[in-house]
Amino acid sequence: MNRIVTTELAGGLGNQLFRYAAGRALALRGGARLRLDVAHFKFDHTYGRVYQLDKFSLPKDVVCVETYTTKLGFYFNRLKDRIGQRTQLCWPGHLREYPGTRVDRRCLLFKEGCLQPLRRKAVYLQGYWQSPQYFADCADTIRKDLTISAPHASVKIEEARTINSKTDSVCVGIRKYAEVPAHKQGYHRVQTLDYYQAGIQLILETCPDAHFFITSDDPAWVEANLTLEAPHTYLTMIPGDENSYEDLWTMSQCRHFIISNSSYHWWGAWLAEKDGKTVIAPKDGFKNRDIYPSEWITL
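Residues numbered from 1 in each chain as written. Predicted model: local features only at pLDDT ≥ 70, side-chain atom pairs only at ≥ 80, totals over all residues. Heavy atoms only, no water.

**Q** What is the right way to read the sheet that holds strand β6 (residues 122–125) from this model?
**A** Note on sheets: strands pair through backbone hydrogen bonds, and any given pair is parallel or antiparallel. Strand order across the open sheet formed by four strands is β3-β2-β1-β6, with parallel pairing between neighbours. Looking at which strands have only one partner, the edges of the open sheet turn out to be β3 (63–65) and β6. This sheet shows a mean twist of 25 degrees between the axes of neighbouring strands, independent of strand direction. In this sheet, β3 lies alongside strand β2 (residues 33–37) in parallel orientation, the contact comprising three bridges. Bridging from a neighbouring strand, Asp 37 pairs with Val 65 of β3. (Pairing = 2+ DSSP bridges. Helix = DSSP H or I, 4+ residues; strand = E, 2+ residues; numbered from the N terminus. Axes fitted to C-alpha atoms, helices over the stretch in contact; angles between N-to-C directions.)

This is the structure we're talking about:
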């Protein structure tokens, strides 16, 4: 097997999973080996993100590499990326191919051409790839890869038991992007309480005995402002970006979901394999309208 797909990993766990899934699916279609470029975590500490896929059951032949080894090289590549982004604006679909590379940095919409089998021996993926259509044909394999292999904290095991004891468990993911600077808050379109209240009401119309499990980056604010008379439990958030897999696993134990515009919450809902699953998502929460599976409900 001489072909290689390298995908650049960056961001929090949700974004890492999207990048992995797109690269893994492309590698499977082309009979290629997959490499994960983790250099970004070595040099970009803006939000304190760390590589987290070592907590999952990835195939042993998936290896981590660093395509640049110095801070100068990292920032030089970022400068080239920004220039490339500007250049791509004049290309149809914001997609451009370079020798030995397929690049899609904006990824605002799903691009059919990116599903094609490899025509080159080496392909490097940059971008967020936030659409399940990029890996829909490999969904079973992706779910198998993303089985948690790391041990769970006792508090998460107990929470999972409680969730699984409920017939209609509902995960409510409320993200206020507390870690994002104020001048960048507008980009993330923080959802209003009205959206969550509407989602809760919709769930209760079909599941009157629903038990809601709430997870948030600002639980004190949610507890003070969210009106919820139905049975509910606030899930424990384990501090540290390296522990994000714990909360992702707990979320995925639920049967139904009301998610924010967070790729992290998106994966909690997608990984859940429950009969009769209902997922409610914000209609205008993501800039990429192709991020939702067709069966999800948008409000």
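That was the structure; now back to the text.
**Q** Just to check I follow, could you spell out the packing of aromatic side chains for this structure?
**A** Working definition: an aromatic ring pair is given by the centre-to-centre distance plus the angle between the planes. Tallied over the full model, the rule gives 14 aromatic pairs. Centroid distance Phe 135 to Trp 270: 5.5 Å. Interplanar angle 85 degrees. Geometry classified as edge-to-face. Here Trp 270 lies in helix α10 (residues 263–271) and Phe 135 lies in the loop between β6 and α4 (139–145), a separation of 135 residues in the sequence. The pair formed by Phe 135 and Trp 270 is uniform in burial state, with each residue classed as buried. Where Trp 267 meets Trp 270, the ring centres are 5.2 Å apart and the plane angle is 70 degrees; that geometry is what we call edge-to-face. Linking Trp 267 with Trp 270, this pair stays in helix α10, spanning three residues, or about one helical turn. The residues Trp 267 and Trp 270 share a single accessibility class, namely buried. (Phe/Tyr/Trp six-rings, centres within 6.5 Å; stacked < 30°, edge-to-face > 60°. Buried < 20%, exposed > 50% of the residue type's maximum accessible area, 1.4 Å probe, protein only.)

**Q** What is the right way to read the sheet that holds strand β11 (residues 279–281) from this model?
**A** Overall, parallel pairing links the six strands, which are arranged β9-β8-β7-β10-β11-β12 in an open sheet. The open sheet is flanked by β9 (232–234) and β12 (297–298), the only strands paired with a single partner. Note that strand β7 (residues 169–174) and strand β10 (residues 256–258) share three bridges and pair parallel. Considered in β10, the bridge of Val 170 is made with His 256. Against the sheet, helix α7 (residues 193–206) engages β7, β8 (211–216), β10, β11 and β12, with an angle of about 160 degrees to β10. (Contact = heavy atoms within 4.5 Å.)

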